[in-house]
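Notes for the structure review
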Amino acid sequence: MNSTVKRSIFGVLFLAVMLGGLLFYDFLYTILFAFITFVMLKEFYHMTMGEAYKQVQSSAIVDGVIFFLAANSYFSGGFSLTALVGIGLLILFLLMAESIFRYKENSDFLKTGYIYAGLLYIGLPLALSNAVVFRNGAFSGLLMVAFFCIIWASDVGAYCFGMLFGQKAWSKKMCPAISPKKSWAGFWGGLLMAMLAGAILYWTGLFAFPIWHCLIVSALMHGTGVLGDLFESLWKRSTGIKDSGNILPGHGGLLDRFDSALFAIPTGYIYLLVFNLV
């Protein structure tokens with residue numbers, strides 16, 4: 001099968017699964033994002049730790065999913081904040097204890113630092129994504145869908161403008177040492193498309209905020225999304241791999257698909273919180 005066709009087919013399937021998990025029932029969202037948490041942590045630990053401390057990796061992945069489910073229960077009204085914080089601290093304590101008892105002579109103990117990096121980088125943002133879809137215990141994935149529309153528009157704009165103008169001799173690269181193909185032409189194209197998406201979301205009513213808030217939050221999400229993309233590229237370049245995984249043929253791993261979202265979605269939601277818009 002042609003690589004472009006394969007990429008398109010799996011891209012459409014990915015989009016359908018995401019929309020299905022966000023637009024219908026809360027249990028579909030919970031299952032989908034718990035699975036995403038599981039796979040992304042697995043990809044990150046495989047990328048950074050390889051076979052080192054395999055048992056601790058497995059425990060951290062399970063613990064990341066447990067923390068996501070605990071946050072899900074808190075934001076849907078089932079847990080108290082004290083219980084959520086207590087579970088988070090207990091998870092960290094148990095992982096530290098397990099690292100002690102799994103230690104073997106000549107093993108690279110410093111690699112266990114990636115355990116906590118993965119929980120902070122991936123586990124925490126995904127757990128807090130529950131705040132975006134639950135409002136006073138009631139589920140609605142429309143705001144999350146709007147956020148993803150901005151991120152996807154940003155990606156499409158960056159790709160198209162980057163292909164058209166980013167490879168020209170006069171076009172400057174953003175971070176050639178990390179991602180040689182990323183250009184400032186792609187950045188500005190992505191910004192334009194993200195803000196256009198924000199305006200369309202305003203006109204369709206998916207963003208029920210003043211237009212200037214819609215444009216600002218779109219611009220901020222684009223900027224932090226680019227940083228998220230580059231941050232993941234830095235991890236991959238440092239570990240010498242091309243893709244974080246192969247769960248999506250033609251697209252790589254889930255971490256490759258959600259790298260922008262890990263930075264952009266918290267940015268968008270925090271902006272709306274600061275201005276009392278949610």
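Being a predicted model, the structure only gives us computed values, none of them experimental.

Some words on the overall build of the protein chain
Of regular secondary structure, the protein chain possesses ten helices and two strands. Reading the protein chain from its N end, one meets helices and strands in the order α-α-α-α-α-α-β-β-α-α-α-α. Projected onto its principal axes, the C-alpha positions of the protein chain cover 55 × 45 × 40 Å. In the protein chain, the share of contacts with a sequence separation of at least 24, taken over all contacts with a separation of at least 6, comes to 70%. Just so you have it, the protein chain exposes about 14300 Å², and 71% of that area is on carbon and sulfur atoms. Of note, the protein chain has its 17 positive side-chain charges centred 10 Å away from the centre of its 13 negative side-chain charges.

Re unusual backbone geometry
Phi at Tyr53 takes a positive value of approximately 50 degrees, unusual for a residue other than glycine. Take Tyr53: it is sitting in the loop between α2 (26–49) and α3 (54–75). On the accessibility criterion, Tyr53 (8% relative accessible area) is buried. Its identity as a non-glycine residue notwithstanding, Asn136 has a phi of 55 degrees, on the positive side. Within the secondary structure, Asn136 is located in the loop between β1 (134–135) and β2 (138–139). A relative accessible area of 82% places Asn136 in the exposed class.

Things to note about the environment of Leu69
Position of Leu69 relative to the elements: it lies in helix α3. Judged by relative accessible area, which is 39%, Leu69 ranks as partly exposed. Residues Leu69 and Leu273, spaced 204 residues apart in sequence, show a C-alpha to C-alpha distance of 23 Å. In this structure Leu69 touches Thr30 and Ala34, once residues within four positions along its chain are discounted.

A few points about the packing of helix α4 (residues 81–102) against helix α5 (residues 113–128)
It is at 11 Å that the axes of α4 and α5 come closest, and there the two elements cross at 160 degrees. Comparing the axis directions of α4 and α5 gives the class roughly antiparallel. As for the relative orientation of α4 and α5, their crossing is right-handed in sense. Residue-level contacts link Leu92, Leu95, Met96 and Ser99 of α4 to Ile115, Tyr116 and Leu119 of α5.

Points about the nonpolar core
Proteins that are soluble and globular tend to have nonpolar side chains buried together. Formed by 64 residues in total, the largest nonpolar core has its most connected members in Phe33, Phe148 and Phe207. If you tally residues by element for this core, the top one is α2, at twelve residues. Here Phe148 is in contact with Met18, Leu22, Phe33, Phe258, Ala261 and Ile265, once residues within four sequence places are set aside.

Focus on helix α8 (residues 184–204)
Along its 21 residues, α8 runs 30 Å from first to last C-alpha, staying within 8% of the 30 Å computed at 1.5 Å per residue. Within α8, burial applies to Ala185, Gly186, Phe187, Gly189, Gly190, Leu191, Ala194, Ala197, Gly198, Ala199 and Leu201. The first or second residue beyond α8 is Gly205, which carries a positive phi of 90 degrees.

A closer look at the state of the cysteines
A complete count under the given rule lists zero disulfides for this structure. A disulfide-free cysteine, Cys214 has its sulfur positioned 13 Å from the sulfur of Cys149, the nearest such atom.

Thoughts on the confidence of the model for the protein chain
Here the protein chain shows a mean pLDDT of 89. Residues at 70 or above account for 93%. Predicted confidence in the protein chain is weakest over helix α1 (residues 3–23), with a mean pLDDT of 75, and strongest over helix α6 (residues 130–133), with 95.

Some thoughts on the side chain of Ser179
Within the secondary structure layout, Ser179 lies in the loop between α7 (142–166) and α8. Accessibility expressed as a relative area gives 11% for Ser179, which makes it buried. Setting aside residues up to four positions removed in sequence, Ser179 forms contacts with Leu230 and Ser233.

The rules behind these values
Residues numbered from 1 in each chain as written. Predicted model: local features only at pLDDT ≥ 70, side-chain atom pairs only at ≥ 80, totals over all residues. Heavy atoms only, no water. Helix = DSSP H or I, 4+ residues; strand = E, 2+ residues; numbered from the N terminus. Contact = heavy atoms within 4.5 Å. Areas by Shrake-Rupley, 256 points an atom, 1.4 Å probe, with all protein chains shown as cover. Lys, Arg positive; Asp, Glu negative; His and termini not counted. Charge placed at Lys NZ, Arg CZ, Asp CG, Glu CD. Buried < 20%, exposed > 50% of the residue type's maximum accessible area, 1.4 Å probe, protein only. Axes fitted to C-alpha atoms, helices over the stretch in contact; angles between N-to-C directions. Parallel < 35°, antiparallel > 145°, perpendicular 65-115°, else oblique. Left-handed = near helix turned anticlockwise from the far one by under 90°. Core = buried A, V, L, I, M, F, W, Y, C linked by side-chain atoms within 4.5 Å. Expected span 1.5 Å × (residues − 1). Disulfide = S-S within 2.5 Å. pLDDT = per-residue confidence, 0-100.

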